[in-house]
Amino acid sequence: MQKLILTKPDDWHLHVRNGAILKAVIGHTARQFGRAIIMPNLKPPIITVSQALLYRQEILSALPENSDFEPLMTLYLSSETTAEEIALAAQSDYIHGIKLYPAGATTNSEAGVPDIKQIYPQLAAMEKSGLPLLIHGEVTDPDCDIFDRERVFVDKVLSSIIHDFPGLRIVLEHVTTKEAVEFVKSQSSNLAATITPQHLLYNRNALLAGAIRPHNYCLPVLKREEHRQALLSAATSGDSRFFLGTDSAPHLRSDKESACGCAGCFNAFAALPLYAEAFEHVGALEKLEAFASFYGADFYRLPRNTATIMLEKNPWQVPNSYDNEKTSIIPLKAGEVLNWQLAS
Ligand code: NCD
Ligand code: ZN
């Protein structure tokens, strides 16, 4: 049996929700990862440091016994966010970034930012304090085609943020296009990007060809094959500006299989096996460790983990659904066979 030993990885972009969904999903992440950047798009969003600390406690309480998993908290950027709050966040050992959601771009982004100029004072404060800005990089202009929204954001919005705040440290989250990859490569190491397993494994046919598959629907939406190829090249290139961020975004089955279905893929149940599959397809398994375990920690100026985990090539069937009394969540690749699994 083929085995792969890696330094314990971290997930630099994760949604765990709260309440019953949190309890249903957190153990999957804690099994595979040392730490994860926790997204703040709850309802209502996590805007203040004190809300983030309460949410952190809720996550810690939901962890399996004896887990040493560490949630790395973030705030949700709003035009109401004060300079004092940013200073508090920057001083806190528990807050590691502030997330910019363009208003209306994705799940629970209604409270986000309608116009980037409105948050220039906040960006200036973040640039000064060194706290990273995490960006959902899509424009929300209704006249802009859904498949073009990331490219246009990079071109129009991200480039002007970088121009106006050259010292701001930025993560362009879940990149999905070759244009975003090229842009990141063209900039300094102040700009990095996360890449999800679904965008490495699928192009938009997986969403729309022959049938509509709501469990492959996430935002930014899956793109053409040429973009998937560009993401695979970036992830396996050894360029430290690209690192692992699953964007695992669980929704109840009923909210996904709906006339107006939610965006988000649940991949945390097998995040590492999914990445291993993508890297193996292009013969780059030896590049997985740095992408999963080194580059993100380096960007966030945190120590790399020292523990290790082992993956083994031992095919298993993904359950059709992860169910308990309160929740039913359909995983990515439900019912399909995955080649890799975490060794117990
Ligand atoms: C995420 C969610 O459900 O919170 N959905 C998604 O499609 N990725 C939000 C996000 O990261 O865009
Ligand atoms: Zn996300």
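So, a few notes on the structure that sits alongside this text. (Residues numbered from 1 in each chain as written. Chains lettered and ligands numbered in written order. Predicted model: local features only at pLDDT ≥ 70, side-chain atom pairs only at ≥ 80, totals over all residues. Heavy atoms only, no water.)

### A closer look at the overall build of the chain
- A tally of helices and strands in the chain yields twelve helices and 13 strands.
- The globule rule puts the C-alpha radius of gyration for 344 residues at 20 Å, and the 19 Å found for the chain is close to it.
- Structurally, the chain occupies a C-alpha span of about 55 × 45 × 40 Å along its principal axes.
- A total of 344 residues make up the chain; the buried ones form 58% of that total.
- In the chain, the share of contacts with a sequence separation of at least 24, taken over all contacts with a separation of at least 6, comes to 72%.
- With an accessible surface of roughly 13900 Å², the chain has 49% of that area assigned to carbon and sulfur atoms. (Helix = DSSP H or I, 4+ residues; strand = E, 2+ residues; numbered from the N terminus. Rg over C-alpha atoms; globule rule 2.2 N^0.38 Å. Buried < 20%, exposed > 50% of the residue type's maximum accessible area, 1.4 Å probe, protein only. Contact = heavy atoms within 4.5 Å. Areas by Shrake-Rupley, 256 points an atom, 1.4 Å probe, with all protein chains shown as cover.)

### Examining the sheet that holds strand β13 (residues 337-342)
- If you trace the three strands from one edge of the open sheet to the other, you get β1-β10-β13, paired in antiparallel fashion. Each having just a single partner strand, β1 (3-7) and β13 make up the two edges of the open sheet. On average, each strand axis in the sheet is tilted by 30 degrees relative to the strand beside it, whichever way the strands run.
- Looking at chain direction, strand β10 (residues 308-317) and β13 are connected through five bridges and run antiparallel. Note on β13: the bridge partner recorded for Leu311 is Leu342.
- Along the sheet, helix α11 (residues 271-281) contacts β10 and β13; its crossing angle with β13, the most-contacted strand, is approximately 115 degrees.
- Here helix α12 (residues 288-299) sits on the sheet in contact with β1 and β10, set at roughly 25 degrees to β1. (Pairing = 2+ DSSP bridges. Axes fitted to C-alpha atoms, helices over the stretch in contact; angles between N-to-C directions.)

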